[in-house]
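# Coordinate inspection notes
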Amino acid sequence: MTASDARSVTEQSSRLKVLLLENIHAVAAEAFRRDGFEVEVRPGSLTEGELVDALQGVSLLGIRSNTKVTPRVLESATDLLAVGCFCIGTNQVDLAGAAARGVAVFNAPFSNTRSVVELVLGEILALARRLPEKTQRMHDGIWDKSAKGSHEVRARTLGIVGYGNIGTQLSNVAESIGMHVVFFDTADRLAHGNARRVGSLDELLAEADVVSLHVDGRPGNAGLFGAEQFALMKQGAVFINASRGMVVDDEALRDHILSGHLSGAAIDVFPTEPKAQGDAFESPLRGLDNVILTPHVGGSTQEAQEEIGSFVATKLRGFVGAGATALSVNLPEVLPPPAEGAFRMGYLHRNVPGVLASINRTLADTGANIIDQMLSTRGEYGYVVTDSSVAPPEATLSALRESPEAIWLRTWPA
């Protein structure tokens, strides 16, 4: 963020309130307070009804994975400008509904990638050596020094389902310790290193000694992995899910662990997760040998959380202070340069012919000279940022706001 952008954020923020939920790293609150925002921090997630009440007067909302921004929440949050998901996933937000109301949504698609990869790699090694049951028996006072069921991972095959940011980095790290890597993704992905794409999920399951899921939270992935898929895995294989809880049938996984078909599993995400620290946790996978259960901590390292806090807070501040929507997951992406003293107008509109021409004609009629202009479209929406030499009269801005294609118009300086 440039110095001029930072000044603009401070000018815009004096009347804006930020609500941060779910133990977002303190670096985010510090950044907002430094720019003059009013900041409220709450440690846990909120229910739909609680969030409706809490968002009155709130302009920026920060959440992680447990708080759901539903159509009802968006309808009631009349002051909301943007939502920051301080995590990778955004399926907890009604993205289409937010876009229709002009509410920008940002996330952190890269910041915790390394943390998730390191957790998964550690789980692969721990499960191959059956460390969960070994350590439990030591705590129970039982000396069980045996190589039975313990293996090296060198020359074993890792099957990665979902070859995005996390899947590709896991691929690189797994190869560095001598594993073979195969992957399956419905999108066209470039193989890293010696990794090999397979043509179907079934083909991957038949080949992999370790299967690790790294898919996103789109509705089509719900129930992706159930009894049928577990049955196709190799005898003695290991299963890992650090992606989304709703993707896996945990009851089916339990059956395949108890039968001995699978030798172990590591699960970091669950279909239903407790709302707050210390709440009771229930799962059919509790109490099973060689099963690692962790409380959705794949990206929860101090390094990752600080980076996420800084990254998403910067995106939100850039949106409020300069109209930047770069890396928004639901609005057209525009990254305007510093305004450098110019008047700036951001105009979110329905993507219909003639909008840009209408804006330019209207500005020209007021004698304003356009210094810079950027337009981006995304589906049914368009977003144009225009810097001009002078501010148009308020009547001109009001006419644009009231046009049938307008969603919102904002100006900088305010």
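These notes cover the structure that comes with them.

### Observations concerning the overall build of the protein chain
- Per the secondary structure count, the protein chain includes 14 helices and 16 strands.
- Relative to its full complement of 414 residues, the protein chain shows a buried share of 52%.
- Considering only residue pairs separated by 6 or more positions, the protein chain has 63% of its internal contacts joining residues 24 or more positions apart.
- Summed over all atoms, the accessible surface of the protein chain reaches about 18600 Å², with 51% contributed by carbon and sulfur.
- Side chains of the protein chain carry 36 positive and 49 negative charges; the gap between the two charge centres is 3 Å.

### Observations concerning the pairing of strand β13 (residues 343–350)
- Within β13, seven of the eight residues are buried, leaving the element largely enclosed by the surrounding structure.
- As paired elements, β13 and strand β16 (residues 406–412) share six bridges and run antiparallel to each other. Note that in β16 the partner of L348 across the bridge is W408.

### Here's the deal with the sheet that holds β13
- The four strands are arranged β14-β15-β13-β16 in an open sheet whose pairing can be described as antiparallel. Single-partner strands in this sheet number two, and they are β14 (370–378) and β16. The sheet shows a mean angle of 10 degrees between the axes of neighbouring strands, taken without regard to direction.
- Where β14 meets strand β15 (residues 381–388), eight bridges bridge the pair, whose relative direction is antiparallel. If you follow T377 over to β15, its bridge partner there is G382.

### Quick word on the pattern of salt bridges
- For the coordinates displayed, the defined rule picks out 18 salt bridges.
- A salt bridge links E152 to R154; the shortest N-O distance between them is 3.0 Å.
- R154 sits in the exposed class, given a relative accessible area of 57%.
- A salt bridge links R344 to D387; its shortest N-O distance comes to 2.7 Å. Of this pair, R344 sits in strand β13 while D387 sits in strand β15; the two residues are 43 residues apart in sequence, bridging distant segments of the chain.
- With a relative accessible area of 1%, R344 lands in the buried category.
- Here D387 falls in the buried class, since its relative accessible area comes to 4%.
- Linked through salt bridges whose partners overlap, the residues forming this network are K17, E40 and R42.

### Examining the packing of helix α6 (residues 113–128) against helix α8 (residues 165–176)
- Two elements in contact, α6 and α8, have axes separated by 9 Å at closest approach and are oriented at 50 degrees. Judged by the inter-axis angle, α6 sits oblique to α8. Here α6 runs over α8; the crossing is right-handed. Of α8, the residues touching α6 (which contributes T113, R114, V116, V117, V120 and L121) are N165, I166, Q169, L170 and V173.

### Some words on the sheet that holds strand β5 (residues 104–106)
- Strand order in this open sheet of five strands is β2-β1-β3-β4-β5, and the pairing throughout is parallel. At either margin of the open sheet sits one strand with a lone partner, and together these are β2 (38–41) and β5. Averaged over all pairs of adjacent strands, the angle between their axes in this sheet comes to 15 degrees, without regard to strand direction.
- Taken together, the four bridges between strand β1 (residues 17–20) and β2 define a ladder with parallel strand orientation. The partner of V18 across the bridge, within β2, is V39.
- Taken strand by strand, helix α2 (residues 26–34) contacts β1, β2 and β3 (60–63), and its axis lies near 160 degrees from that of β2.
- The strands that helix α12 (residues 302–322) touches are β3, β4 (82–85) and β5; relative to β4, the one it contacts most, it runs at about 165 degrees.

Procedures and definitions
- Residues numbered from 1 in each chain as written.
- Predicted model: local features only at pLDDT ≥ 70, side-chain atom pairs only at ≥ 80, totals over all residues.
- Heavy atoms only, no water.
- Helix = DSSP H or I, 4+ residues; strand = E, 2+ residues; numbered from the N terminus.
- Buried < 20%, exposed > 50% of the residue type's maximum accessible area, 1.4 Å probe, protein only.
- Contact = heavy atoms within 4.5 Å.
- Areas by Shrake-Rupley, 256 points an atom, 1.4 Å probe, with all protein chains shown as cover.
- Lys, Arg positive; Asp, Glu negative; His and termini not counted.
- Charge placed at Lys NZ, Arg CZ, Asp CG, Glu CD.
- Pairing = 2+ DSSP bridges.
- Axes fitted to C-alpha atoms, helices over the stretch in contact; angles between N-to-C directions.
- Salt bridge = Lys/Arg side-chain N within 4 Å of Asp/Glu carboxyl O.
- Parallel < 35°, antiparallel > 145°, perpendicular 65-115°, else oblique.
- Left-handed = near helix turned anticlockwise from the far one by under 90°.

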